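Inside the fold
Below, each chain spelled out in residue letters.
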Amino acid sequence: MINKLIKKIEKTHAPIVVGLDPMLDYVPEHIKAAAFKERGETLEGAAEAIWQFNKAIVDATYDLIPAVKPQIAMYEQFGTEGVKAYQKTVDYCHSKDLVVIGDVKRGDIGSTSAAYAVGHLGKVQVGSKKLSAFDEDFATVNPYLGSDGIKPFLEVCKEEKKGIFILVKTSNPSSGEFQDRLIDGRPLYEYVGEKVAQWGEEVMGDNYSYVGAVVGATYPEIGKVLRKVMPKSFILVPGYGAQGGKGADLVHYFDENGLGAIVNSSRGIIAAYKQETYASFGAEHFADASRAAVEAMIKDIDGALQAR
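So, here is what we can say about the structure in this document. (Residues numbered from 1 in each chain as written. Predicted model: local features only at pLDDT ≥ 70, side-chain atom pairs only at ≥ 80, totals over all residues. Heavy atoms only, no water.)

Overview of the overall build of the chain
Assigned secondary structure in the chain consists of 12 helices and 12 strands. Scaling as 2.2 N^0.38, a compact globule of 308 residues should have a C-alpha radius of gyration of about 19 Å, and the chain matches this with 19 Å. Judged by the C-alpha coordinates and their principal axes, the chain covers about 60 × 55 × 35 Å. If you take every contact in the chain between residues at least 6 apart in sequence, the share linking residues at least 24 apart comes to 73%. Within the structure as shown, the chain displays about 13600 Å² of accessible surface, and the carbon and sulfur contribution to it stands at 51%. Here the chain holds 35 positive side-chain charges and 41 negative ones, and the gap between their average locations is 3 Å. (Helix = DSSP H or I, 4+ residues; strand = E, 2+ residues; numbered from the N terminus. Rg over C-alpha atoms; globule rule 2.2 N^0.38 Å. Contact = heavy atoms within 4.5 Å. Areas by Shrake-Rupley, 256 points an atom, 1.4 Å probe, with all protein chains shown as cover. Lys, Arg positive; Asp, Glu negative; His and termini not counted. Charge placed at Lys NZ, Arg CZ, Asp CG, Glu CD.)

Rendered as structure tokens:
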């Protein structure tokens, strides 16, 4: 799957991923009104609204991008109906040949970690059959519990040829409370990065490992260090746009071929119609605004890579 992701990035010239994180406030009123008319102001109605919102954005952008990243919490807040919308979103994105990164941030140990890995990336045994459940292509994983929490994912990745992105240095302002703590004079995130590189040696694609890392766009100097610590790990970069990151900050996350990283933007794309830059599209054409935001992001990152 890491090979497929790289090929799609090379084909689209777009090392970006659209974060499908549909807060109900992002959904235009006409989409919500139609969903509520059909299913009421219920959890089912909310789930229908976010599904229709997602579908329109995917239809408007899938030819420009290699991947999407749905954040499962945005669906779980609507209970089982929301999880159904998550599954429909994953399946629909696969029908458009998009790589799906399940932003699920799982982190546990033993049989629990194995169940998470099987549920999101692998196949679960049901009687005489093995069946896929969520069936994402990648999943995000929290390494805080150590190797016990990662190894079950590595086993599934080997079997299914899929991948994970491990949290190393996240984009949020308080990430340093733990991640920047010095141990023998070095920050904790460097130790985590070294473990990511080590785990990744067990599951290599052609040029990059199945095991990638999450490193926020808001800490570009740290990204520069971690690129060297994890030379064979693809880096998933959150924090572009709405959180302050921009293309010029991110060149060090990439290798000399312009590969090695994929940059996420969520509300900067899916809620683009709410921004002054794209306000002329209006809520009725929210998906066209999202397409324009994708095109601008591609231009920004490509321009930065060309200028370095």
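That shown, we press on.
Focus on a nonpolar patch on the surface
A cluster of nonpolar side chains, contributed by Ile109, Tyr144 and Leu145, occupies part of the molecular surface with about 340 Å² of accessible area. Residue placement: isoleucine 109 occurs in the loop between strand S3 (99–106) and helix H6 (110–120). (Patch = residues over 30% accessible without salt bridge, like charges linked within 9 Å, V, L, I, M, F, W, Y side chains within 5 Å. Salt bridge = Lys/Arg side-chain N within 4 Å of Asp/Glu carboxyl O.)

Some thoughts on the packing of helix H9 (residues 188–200) against helix H10 (residues 220–229)
Remark: H9 packs on H10, axes separated minimally by 9 Å, with the N-to-C direction vectors making an angle of 35°. Between H9 and H10 lies a crossing whose hand is right-handed. Packed against H9, whose contacting residues are Tyr189, Glu190, Gly193, Glu194 and Ala197, the element H10 presents Ile222, Val225, Leu226 and Val229 at the interface. Taken together, the residues of the contact of H9 with H10 sort by class into six nonpolar, one polar and two charged. (Axes fitted to C-alpha atoms, helices over the stretch in contact; angles between N-to-C directions. Left-handed = near helix turned anticlockwise from the far one by under 90°. Nonpolar A, V, L, I, M, F, W, Y, C, P; charged D, E, K, R; others polar.)

Observations regarding the pairing of strand S4 (residues 123–126)
By the bridge criterion, four bridges tie S4 to strand S5 (residues 129–132) in an arrangement that is antiparallel. Considered in S5, the bridge of valine 124 is made with leucine 131. Taken together, S4 and the strand that follows it, S5, pair antiparallel across an intervening segment of two residues, in which glycine 127 is found at a positive phi of about 60°. (Pairing = 2+ DSSP bridges.)

Brief notes about the side chain of lysine 32
Position of lysine 32 relative to the elements: it lies in helix H2 (residues 29–39). Taking relative accessible area as the criterion, lysine 32 reaches 10% and is therefore assigned buried. Ignoring any residue separated from it by four or fewer positions in sequence, one finds lysine 32 in contact with Leu24, Val27 and Ala49. (Buried < 20%, exposed > 50% of the residue type's maximum accessible area, 1.4 Å probe, protein only.)

Overview of the sheet that holds strand S2 (residues 67–68)
One closed barrel holds the eight strands; their spatial order is S1-S2-S3-S6-S7-S10-S11-S12, and the pairing between them is parallel. Bridge count for strand S6 (residues 138–141) against strand S7 (residues 163–169) is four bridges, and the pairing is parallel. Within S7, the position partnered with valine 141 by the bridge is isoleucine 166. In the packing of H9 onto the sheet, contacts are made with S7 and strand S10 (211–215), and the angle to S7 comes to roughly 165°. Packing against the sheet, H10 makes contact with S7, S10 and strand S11 (235–237), and its axis sits at approximately 130° to S7.

Side note on helix H1 (residues 2–12)
The complete set of buried residues in H1 reads Ile2, Leu5, Ile6, Lys8 and Ile9. Axial view of H1: buried residues confined to an arc of 165°, hence all on one face. Among the exposed residues of H1, those oriented more than 90 degrees off its buried face are Lys7 and Lys11. Against S2, S3, S6 and strand S12 (261–265) lie the buried residues of H1. One or two residues past the end of H1 sits histidine 13, with phi positive at roughly 55°. (Arc of directions from axis to C-beta.)

What to know about the packing of aromatic side chains
According to the stated counting rule, one finds eight aromatic pairs in the structure shown. An angle of 75° between the planes, with centres 5.2 Å apart, marks the rings of tyrosine 75 and tyrosine 86 as edge-to-face. Of this pair, tyrosine 75 sits in helix H4 (residues 73–76) while tyrosine 86 sits in helix H5 (residues 79–95); the two residues are 11 residues apart in sequence, bridging distant segments of the chain. Judged by relative accessible area, tyrosine 86 falls into the buried class, the value being 0%. With 5.1 Å between their ring centres and 35° between their planes, phenylalanine 138 and phenylalanine 165 make a pair best called tilted. Of the two residues, phenylalanine 138 sits in strand S6 while phenylalanine 165 sits in strand S7, which places them 27 residues apart along the sequence. As far as the burial class goes, phenylalanine 138 and phenylalanine 165 line up, both buried. The structure contains a cluster of three or more aromatic residues connected by ring pairs, namely Phe53, Tyr273 and Phe286. Its end group placed over the ring of tyrosine 62, lysine 96 keeps NZ or CZ at 4.5 Å from the ring centre. A cation sits over an aromatic face here: lysine 169 above tyrosine 219, 4.3 Å from the ring centre. (Phe/Tyr/Trp six-rings, centres within 6.5 Å; stacked < 30°, edge-to-face > 60°. Lys NZ or Arg CZ within 6 Å of the ring centre and 35° of its normal.)

Some points on the state of the cysteines
For the structure shown, the criterion picks out zero disulfides. The thiol of cysteine 93 is unpaired, and the distance to the nearest cysteine sulfur, on cysteine 157, comes to 20 Å. (Disulfide = S-S within 2.5 Å.)

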